[in-house]
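# Chains, contacts and geometry: an overview
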Amino acid sequence: RHGEAMILRSAAELDSRFHDLGPGDVFLGLLPAQHLRGAAAADLLERGVRCVPSVLCQLLARSKAAQAFVLKPWMAPHTRVIARRAELMDVVGYCAQHGIGAVVTKQEGMHCGHGIRRWESAEALYNAVAFTDAAYPLVLQPFRPDIADVRVIRVGDYVEAYTRTNPFNFRANLAAGGASAPVAVDASMEALCRAVMDRGRFPYAHIDLHLGEGGACHVSEITLDGGIAGAIINRAELNRRKQAVLERMAEER
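This one's a predicted model, so the numbers in the text were calculated from it and none came from an experiment. (Residues numbered from 1 in each chain as written. Predicted model: local features only at pLDDT ≥ 70, side-chain atom pairs only at ≥ 80, totals over all residues. Heavy atoms only, no water.)

## Quick word on the nonpolar core
Of all hydrophobic cores here, the largest spans 40 residues; its most connected members are Val-152, Phe-202, Ile-207, Leu-209 and Ile-222. If one sorts the elements of this core by residue count, helix H8 (residues 187-200) sits on top with five residues. The contact partners of Ile-207, leaving out residues within four places of it in the chain, are Val-150, Arg-151, Val-152, Cys-193, Val-196, Met-197, Val-219, Glu-221 and Ile-222. The next biggest cluster of nonpolar side chains, apart from the first, holds 17 residues, and it includes Ala-122, Leu-125, Val-129 and Tyr-136. (Core = buried A, V, L, I, M, F, W, Y, C linked by side-chain atoms within 4.5 Å. Buried < 20%, exposed > 50% of the residue type's maximum accessible area, 1.4 Å probe, protein only. Helix = DSSP H or I, 4+ residues; strand = E, 2+ residues; numbered from the N terminus. Contact = heavy atoms within 4.5 Å.)

Okay, here's the thing in structure tokens:
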């Protein structure tokens, strides 16, 4: 066992020193997929190795289902994670009981709006995907046609936000043909972003919010990186600020 704590900054370093790591050591950067899977991630945590960003936020950033489970208190009412056919059957009755008609599903591992689908009812969803094992897990939410879609970027003391709209597609993603416009981040939006970032231990984030009537504000998704087509900040400056945040965190003891 070495004496001085190490800070590793690449996947190659992590692979070569993985079994030498211990308390006080730091891996700075995004863990490769194989190291983020259960056993490897748990092994690092059990040995007192600190990951920057945290293992938790990296897991959340890569999984819509994990977000819907951990961050459910900040998401729209009736958000559900469906992991198997029995749960999908159960949600058919749940939606009927709560008067929920059209629903939206989010497919794991798909981005830019490609995995978002609208269904006329939970029954229609069940009939289409119940026997397709590859569909699970998925996130289900009531379809809400009246929401405004806002992306917030927070890194260090930098915060900006912009709306995303598309009159021809309920998917507001800019990659799906949406348009953007700057918007001010009010106190309720800022409080929500801080709360979910604190809960998920995000050092910085791209956060998609859904704003409803009467000031209702919910988290749709959160990630460590994402599109900035509607942002004022450019990619190089954003990446510089993100790296500076991580470097400061890595030096903390």
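On we go.
## Looking at the sheet that holds strand E10 (residues 179-182)
As summarised here, the arrangement of the five strands in space is E10-E9-E8-E11-E12, forming an open sheet in which the pairing is antiparallel. Two strands in the sheet have a free side with no partner beyond their single neighbour: E10 and strand E12 (217-223). For this sheet, the mean inter-axis angle between neighbouring strands, taken without regard to orientation, is 30°. Pairing geometry for strand E9 (residues 158-165) and E10, over four bridges, is antiparallel. Along E10, the bridge assignment pairs Thr-165 with Ala-179. Running at roughly 130° to strand E11 (residues 204-211), H8 makes contact with strand E8 (148-155), E9, E11 and E12 of the sheet. Where helix H9 (residues 235-251) meets the sheet, its contacts fall on E8, E9 and E11, and the angle it forms with E11 comes to roughly 115°. (Pairing = 2+ DSSP bridges. Axes fitted to C-alpha atoms, helices over the stretch in contact; angles between N-to-C directions.)

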